[in-house]
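Results of the structural survey
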Amino acid sequence: MIAVTVTELTQSALAELDHPENTAALPMWKEKLLRFANEAVVDLAETFRPWRRDPLPLQSGVLDLSALPYTVGKVLGTERGGMRIPFCYGADTSTLRLPGVPDGPVTVVYRYLPKPLVLDSDEPELPAACDPLIVLYMVGRFSMTNDAQGQNHASAALSVYETRKRRLKLDFDEPTDYRFFNRW
């Protein structure tokens, strides 16, 4: 998987827009395109609801969610050794309580919130399949600010964006979708 940076996303969008890609023209468009890239990341995160599995140490029946590598949007489950473990939130939303479970590593399955793109070297915290969608969104939103011909181009780009987003959504289901859990 090749990581795509903000600079590469911006250069791809400028190439699609037939704007100069040289380094002198980049700062002129960067702020606007970066704003559009962040809008796309938020839209894609709301649509795909990306999730991860990460281990955390359980200490005295408490998991500290702030120790996870990504910001937690929602905890989907906790597991140990392939078995689901019931949980409840602690005194605040940054801790989980697992009563009656011995200390040790526990896998937390959770939806995460991608960080906003700020630096040129930042990479979207979404699956690599979303990178072309980010570029499409940037092109569509940028074209909206132009004349009627640009708005037609924007309409086409955003239509393709929505179509590809719907197709890609089928690949990003949550881990508990389409499964039954029988505890007995």
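Note that the coordinates shown come from a computational prediction; the quantities given were computed from them, not determined experimentally.

1. Side note on the nonpolar core
Within the largest apolar cluster, 31 residues are counted, with the highest numbers of intra-cluster contacts made by Leu33, Leu44, Leu133, Ile134 and Met138. Only helix H1 (6-16), helix H2 (26-48), helix H3 (131-143) and helix H4 (148-169) provide two or more residues apiece to this core. The dominant element in this core, judged by the number of residues it contributes, is H2, at ten residues. With residues up to four places along the chain from it excluded, the contact list for methionine 138 reads Leu9, Thr10, Ala13, Leu33, Phe36 and Ala37. Ranked by size, the runner-up nonpolar core spans 14 residues in total, among them Leu63, Leu68, Ile85 and Leu96.

2. Points about the sheet that holds strand E6 (residues 95-97)
Spatial ordering of the open sheet is given by E2-E6-E5, a layout of three strands whose pairing is antiparallel. Looking along the sheet, the strands with just one partner apiece sit at the ends: strand E2 (62-64) and strand E5 (88-89). Note that E5 and E6 share two bridges and pair antiparallel. Bridged to tyrosine 89 within E6 is leucine 96.

3. What to know about the pattern of salt bridges
Across all of its chains, the model carries seven salt bridges by this definition. A salt bridge links aspartate 54 to arginine 52; its shortest N-O distance comes to 2.9 Å. Aspartate 54 gets classed as buried once you look at its relative accessible area, which sits at 8%. The exposure class of arginine 52 is partly exposed, given its relative accessible area of 27%. A salt bridge links arginine 53 to glutamate 79; the shortest N-O distance between them is 2.6 Å. One end of the pair, arginine 53, is in strand E1 (residues 51-58); the other, glutamate 79, is in strand E3 (residues 71-80), and 26 residues separate them in sequence. With relative accessibility at 38%, the residue arginine 53 sits in the partly exposed group.

Reading the values: rules and limits
Chains are numbered independently. Their residues run from 1 in the order of the written sequence. Local features in this predicted model are restricted to residues of pLDDT 70 or higher, and side-chain atom pairs are both shown and tallied only at a pLDDT of 80 or more, whereas totals for entire chains, interfaces and linings draw on every residue. Excluding hydrogens and water, the side-chain values take into account all heavy atoms of the structure. In this text, buried Ala, Val, Leu, Ile, Met, Phe, Trp, Tyr and Cys residues form a nonpolar core when linked through side-chain atoms within 4.5 Å. The rule is simple: take the accessible area with a 1.4 Å probe, protein chains only, and divide by the maximum for that residue type; under 20% is buried, over 50% is exposed, in between is partly exposed. Numbering of helices and strands runs from the N terminus; a helix is a DSSP stretch of H or I covering at least four residues, while a strand is a stretch of E covering at least two. Only heavy atoms enter the contact rule, under which two residues are in contact if any of them lie within 4.5 Å. Whether two strands pair comes down to DSSP finding at least two bridges between them. Basic side-chain nitrogens of Lys or Arg form a salt bridge, by our definition, when they fall within 4 Å of a carboxyl oxygen of Asp or Glu.

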